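Listed below are the residues making up each chain.
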Protein chains: 2
Amino acid sequence: MKIVIIGGVAAGTNAAVRARRNSEEAEIVIYDRDVDVAHAGFATHYAVGGQVDSMDDLVPKKPKWFKEYYNIDVHTSHEVTSIDHERKTVFVKNLTTDEEFEDTYDALVFANGTVFGVPPVFRGREFDNLFQIKNVQRGRKLQNYINETNPKTAVVIGTGYIGLGVSEQLTKAGIKVRTLDFLKYPMAQLDHDMSTYIADILEENDVKFHGNEGVVELTANGKYLEHVITSQGNDYEADLYILATGVRPNTALAESIGVELGETRAIAVNDKMETNLPGVYAVGDVAEAYHAITKEPMYLPLATTATKMGRIAGDVITGGDLRFRGILGTSAVRLFGQTIAATGMTEIAAREKGYDPVVLTTTQPDVLKFMGGKDMLIKAVADPETETLLGVQMIGPEGVERRIDVFATAMTLGAKVSDLFHLDLAFTPPISTPKDPVMYTGMALTNALDNSPLIMPEDLVQMMEEKEEVVIVDVRNEEAYEKEHIEDAINIPLKSLRENMDQLDPEKRTVVYCNSGQTSYNAQRILLNNEFKEVYNLSGGNNNYQIVLKDIQKNRE
Amino acid sequence: MKIVIIGGVAAGTNAAVRARRNSEEAEIVIYDRDVDVAHAGFATHYAVGGQVDSMDDLVPKKPKWFKEYYNIDVHTSHEVTSIDHERKTVFVKNLTTDEEFEDTYDALVFANGTVFGVPPVFRGREFDNLFQIKNVQRGRKLQNYINETNPKTAVVIGTGYIGLGVSEQLTKAGIKVRTLDFLKYPMAQLDHDMSTYIADILEENDVKFHGNEGVVELTANGKYLEHVITSQGNDYEADLYILATGVRPNTALAESIGVELGETRAIAVNDKMETNLPGVYAVGDVAEAYHAITKEPMYLPLATTATKMGRIAGDVITGGDLRFRGILGTSAVRLFGQTIAATGMTEIAAREKGYDPVVLTTTQPDVLKFMGGKDMLIKAVADPETETLLGVQMIGPEGVERRIDVFATAMTLGAKVSDLFHLDLAFTPPISTPKDPVMYTGMALTNALDNSPLIMPEDLVQMMEEKEEVVIVDVRNEEAYEKEHIEDAINIPLKSLRENMDQLDPEKRTVVYCNSGQTSYNAQRILLNNEFKEVYNLSGGNNNYQIVLKDIQKNRE
């Protein structure tokens, strides 16, 4: 059994190592056109920003190590240029010597990752001051450029995970950053209300964000990019440009031998990571995953998924029974002291898939307030049919990754929202609260599904605009009400609600709200337990309402 | 419906609030003999140590607040002195005025917590410089005493969660602390190997620990405790003494009306929190819980469980369908920058319950090493029959609470160890690793259950002592081997194992080890895949072996 793996980063090396652990007989060869193997290319910007000591730390393993420890032959700077699958032969070019040779395989694994998704105006053009984030080699070039030219300003094009991470690290390196995205919001894969918070984080840290602005024109002086001109007609100038407009699966080589792609245009694989061609596998960023909840094809190139897929392919090829079970798309980015994380579906995605979700927006402290707890924002999307979570999005300075992981675990294992209250999670004053944010989310969603319905801010806005009959009650104290309240809302503070209930009509549809939705839940219970016919609690309270309202108004401008 | 709740801390207030949210009609009364309601008494030592700004922060809510927001009548400084359950009447004493009165109930809830478990020599004795940690009142006394007398030294008796937390906080307040425990180890509810690490943490932070030392004699000057003399004959002197020898359920009042106790001597309840008497409930630290895995009665007074139980009782009393589902005993303490956490059963407990567990000890970084990741110690106990986790214990500076919560969630939801690899957990370089410690633990246990058996250090020690035939191979490099190795072990570094395999006999039982068990797993795979008959990987490697060996030797002294 001879296994040839094309690509030696997370997916490829995991496939190789797992295969070796299962079998001493297999001959295992990795070809990678990069100069490095098993590199942490996803982290090069942290070396630029100084959070990683040296770019060398991102390449801890050499081909020699793989040979000695795993008897795996790793050939870096070797490109597989073509394949004759009938003869089970790969044609390889040594990029250092230009020597070309053939190699044969019994099993072939595509682990050759991605290519950049480059906006048309940048295609085929290279500039000395334009960089992309991918591997350590490119990271070194960027670092050298910064060290040598000491740029003062940067434009980062694209505000996904990489774009945001790079913006933060360049800012830490003392560079003034402007970010552009052809989509309206940063991290537009999240719901708009969450993206709005991210825009605020950028703003607070002196990073300018321009949405709805793609780059449509360039001016350059030879190899030096001078200006970018956007779809809005704006002209931005900077010393340094980063192109972080995403990636797409590097499928050309696989397609050349008849490997089929899935609907996401990544290589279609089954749960054994097998392609349509016998003996040919695809793993990592070149392969298509599927959503663990909807079971639909999904493309999200992340190291976590690459690691899983690689290990599964290595196991399957050597006779093991590991199978891929899909992903939730759990992802995170750290941005100026805040962690932004998401798992499962957003509200937008859930609605697109035909769900009519119950959506809770709330803020909860990571630890007890008197221990210095800081609020995290939680947006949880649940399916009323199955009473399970469809997805959660979170932002906060501490403890976000902990809760998103518990949510992801609960979702993977099929928990209902009512199960979350029963979790026995770790508590001691310095690390959490006795009623953890995860439990609170489960309780609030259970209540909402049971007898305490939520209303979304956008639905309330629509009701008001369409002059539907609805009584809106602000149950905060007078001071909060005076400072800012929802148009048309009357103020009856919770503590005097029981005695002032006669101001309200139990026959009329009523919406109650406070700042975050927690206090108004009590008001909702009081009214419902006093025979009010239809009472809704405003999801996320006034805080969330004002954000959504601003967004609606902005969209109309 | 009138509900009388005895005790207004976590369990009692949660019962009251849930009952009110379900019903506006119920009359709800809480009696508590304490001056405070809903206090965070569990955190008073953090106010002493300065981590909480003011002791007042621990009592954010007053009776008036409960009345205004929830229409709940909270009577603090009111003791229920006796009960006539036939007449459904409680006799109450106002501790401020000494006035006595009667009140009636339809439902009675015991939420009256714990009493101190006091060693015989301390019983019935009070000293001005001896303190216990329980409520805010006692916290204020301790704080005042420290402020006024400026103690230089303290003896903390008892090293459970409270004893350790207090020792840390007193140290932070500049006091030199000595800790005693009549058990041999600190946190003796954990496995000894974990406790050994805790003893090291104390030592490193200049806190002396004396195990196997109970206090058997006192010398005092009036109300001033001067010396404690221990079962070892040692005489310790300090300016300040803390008694943290645990608590037991405060069952006397309940017993007086015929409420039955369970085998843990806490009040026996069913999953509705009902006692044997109709209309009488017990919740929180006075009530017995049960283990979610073994289903056996369990007593572990924690705020997390109290909160759950209270909410369930409040729901049941007002017609709800919430039911208690048992606990895993998840718990944590923060100690000098390290978090110690546990969920489910220890190895000792598992063996006592008749399991023959597979036990993995490993160290894993919380985030990628190049991002500053620090190792956490993980000890995971799995049941080979069901292939599920029985329990996990962890120690580490960062990320422990996150992983213990994921383990607890997985255990609660019935995950097999092989499911953990498939979790889609959050990754970005500053917050974790692509193969999270939880996933790693699941993978390693799956391997151990499948085809790569582990051996425990104590079993290897026994084998060697009984001169059983076993070949021990240290697969680390020569330098590590020379520095310290297991007696009888030969050294074949992993990278030369394939070429030196002929030094070994495939027919002989072989044990391989490295520092932590991760590298030697590869050695084990190589040998097993080369037809070796019986190869074990040493759980936790040399690091763990040396700790266990030292412990065994110490026990024989």
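Residues numbered from 1 in each chain as written. Chains lettered and ligands numbered in written order. Predicted model: local features only at pLDDT ≥ 70, side-chain atom pairs only at ≥ 80, totals over all residues. Heavy atoms only, no water.

We now examine the pairing of strand 23 (residues 358-365) of chain B. Looking along a regular strand, one sees side chains alternate from face to face of the sheet. Residues and elements named next belong to chain B. Extensive coverage of strand 23 is indicated by the burial of seven of its eight residues. Note: strand 23 against strand 24 (residues 375-383), eight bridges, orientation antiparallel. What sits directly across from V359, in strand 24, is V381. (Buried < 20%, exposed > 50% of the residue type's maximum accessible area, 1.4 Å probe, protein only. Helix = DSSP H or I, 4+ residues; strand = E, 2+ residues; numbered from the N terminus. Pairing = 2+ DSSP bridges.)

Bringing the packing of aromatic side chains into the picture now. Counted under the stated rule, the structure contains 14 aromatic pairs over all chains. Here Y31 of chain A and F101 of chain A contribute two aromatic rings whose centre-to-centre distance is 6.1 Å and whose plane-to-plane angle is 55 degrees, an arrangement assigned as tilted. In this pair, Y31 of chain A is assigned in strand 2 (residues 27-31) and F101 of chain A in strand 6 (residues 100-104), connecting sequence segments 70 residues apart. On the basis of relative accessibility, which here comes to 3%, the residue Y31 of chain A falls in the buried class. On the basis of relative accessible area, F101 of chain A is assigned to the partly exposed category, the value being 24%. Arranged with centres 5.5 Å apart and planes meeting at 65 degrees, the rings of W65 of chain A and Y70 of chain A form a pair that is edge-to-face. Directly above the ring of W65 of chain B sits K61 of chain B, whose terminal nitrogen or CZ lies 4.6 Å from the centroid. (Phe/Tyr/Trp six-rings, centres within 6.5 Å; stacked < 30°, edge-to-face > 60°. Lys NZ or Arg CZ within 6 Å of the ring centre and 35° of its normal.)

As a further point, take helix 16 (residues 541-556) of chain B. Residue and element names in this part refer to chain B. Look at helix 16: 23 Å from first C-alpha to last across 16 residues, which is about the 22 Å you get at 1.5 Å a residue. Turning to helix 16, its buried residues are G541, N542, N544, Y545, Q546, I547, V548, L549, D551 and I552. Of the surrounding secondary structure, the elements contacted by the buried residues of helix 16 are helix 6 (192-204), strand 23, helix 12 (457-465), strand 29 (510-513) and strand 30 (535-538). (Expected span 1.5 Å × (residues − 1). Contact = heavy atoms within 4.5 Å.)

This part covers the environment of G160 of chain A. Following the sequence through the fold, G160 of chain A ends up in the loop between strand 10 (153-157) and helix 5 (161-172). When the C-alpha positions of G160 of chain A and T510 of chain A are compared, they lie 40 Å apart, and in sequence the two are 350 residues distant.

Each side of the interface is counted separately: chain B has 80 residues, and chain A has 80 residues. Linking E24 of chain B and R498 of chain A is a salt bridge whose minimum nitrogen-to-oxygen distance equals 2.9 Å. Of all the secondary-structure elements, those providing two or more residues to the side of chain B that touches chain A are helix 1 (10-22), helix 3 (63-70), helix 8 (303-317), strand 21 (331-335), helix 10 (400-412), helix 11 (437-450) and helix 15 (518-528) of chain B. When residues of the side of chain B that touches chain A are assigned to their parent elements, the largest contribution, nine residues, is made by helix 10 of chain B. (Salt bridge = Lys/Arg side-chain N within 4 Å of Asp/Glu carboxyl O.)

Moving on: the relation of the copies chain B and chain A. Overlaying chain B on chain A yields an RMSD of 0.0 Å, the required transformation being a rotation through 180 degrees with an accompanying axial translation of 0.0 Å. Interpreted geometrically, this transformation is the action of a two-fold axis. Rotation axis and chain B: the residue whose C-alpha lies nearest the axis is R402 of chain B, separated from it by 2.2 Å. Mapped onto chain A, 100% of the interface residues of chain B again fall at the interface, so both copies present the same surface. (Least-squares fit on C-alpha atoms with pLDDT ≥ 70 in both.)

Residues and elements named next belong to chain A. If you trace the five strands from one edge of the open sheet to the other, you get 21-22-25-24-23, paired in antiparallel fashion. This sheet does not close on itself; its edge strands, each paired only once, are strand 21 (331-335) and strand 23 (358-365). The mean angle between the axes of side-by-side strands here comes to 15 degrees, regardless of whether they run parallel or antiparallel. Strand contacts of helix 10 (residues 400-412): strand 22 (338-344), strand 24 (375-383) and strand 25 (388-396), with the helix running at about 175 degrees to strand 25, the strand carrying the most contacts. (Axes fitted to C-alpha atoms, helices over the stretch in contact; angles between N-to-C directions.)

Residues and elements named next belong to chain A. Where helix 1 (residues 10-22) meets helix 8 (residues 303-317), the axes come as close as 7 Å, and the angle between the chain directions of the two elements is 30 degrees. Relative to helix 8, helix 1 is oriented roughly parallel. When the axes of helix 1 and helix 8 are compared, the crossing they make is right-handed. On the side of helix 1, the interface is formed by A10, A11, N14, A15, R18, A19 and N22, while helix 8 contributes A303, A306, T307, G310, R311, G314 and D315. For the contact of helix 1 with helix 8, the residue count by class is six nonpolar, five polar and three charged. (Parallel < 35°, antiparallel > 145°, perpendicular 65-115°, else oblique. Left-handed = near helix turned anticlockwise from the far one by under 90°. Nonpolar A, V, L, I, M, F, W, Y, C, P; charged D, E, K, R; others polar.)

Our next topic: the sheet that holds strand 11 (residues 176-180) of chain A. All names here are of chain A. The five strands lie next to each other as 9-16-10-11-12, forming an open sheet whose pairing is parallel. Both edges of this open sheet fall to strand 9 (130-131) and strand 12 (208-210), since each of them pairs with a single strand only. The strands touched by helix 4 (residues 136-149) within the sheet are strand 9 and strand 16 (240-243), with strand 16 carrying the most contacts at an inclination of about 165 degrees. The sheet contacts of helix 5 involve strand 10, strand 11 and strand 16, and relative to strand 10 the element is tilted by about 170 degrees.

Inspection of the secondary structure assignment puts K2 of chain A in strand 1 (residues 2-6). Setting aside anything within four residues of it in sequence, one finds K2 of chain A in contact with E27, V29, D103, T104, Y105, D106 and A107 of chain A.

Where helix 1 of chain A contacts helix 15 of chain B, the axes come no closer than 8 Å and their chain directions differ by 50 degrees. Viewed along their axes, helix 1 of chain A and helix 15 of chain B adopt a mutual orientation that is oblique. Side by side, helix 1 of chain A and helix 15 of chain B meet where R18, R21 and N22 of chain A of the first sit next to Y521, N522 and R525 of chain B of the second. A per-class count over the contact of helix 1 of chain A with helix 15 of chain B returns one nonpolar, two polar and three charged.

Once that is clear, we can look at the pattern of salt bridges. A complete count under the given rule lists 56 salt bridges over all chains for this structure. A salt bridge links E203 of chain A to K208 of chain A; the shortest N-O distance between them is 3.9 Å. For K208 of chain A, a relative accessible area of 41% corresponds to the partly exposed category. Of the charged contacts in the structure, one is a salt bridge between E79 of chain B and R33 of chain B, with a shortest N-O distance of 3.6 Å. Remark: R33 of chain B occurs in the loop between strand 2 (27-31) and helix 2 (44-48) and E79 of chain B occurs in strand 4 (residues 78-84); sequence separation between them is 46 residues. Note on R33 of chain B: relative accessible area 45%, which makes it partly exposed. When salt bridges that share partners are traced, they join D191, D193, E347, R351, D356 and K379 of chain A into one network.

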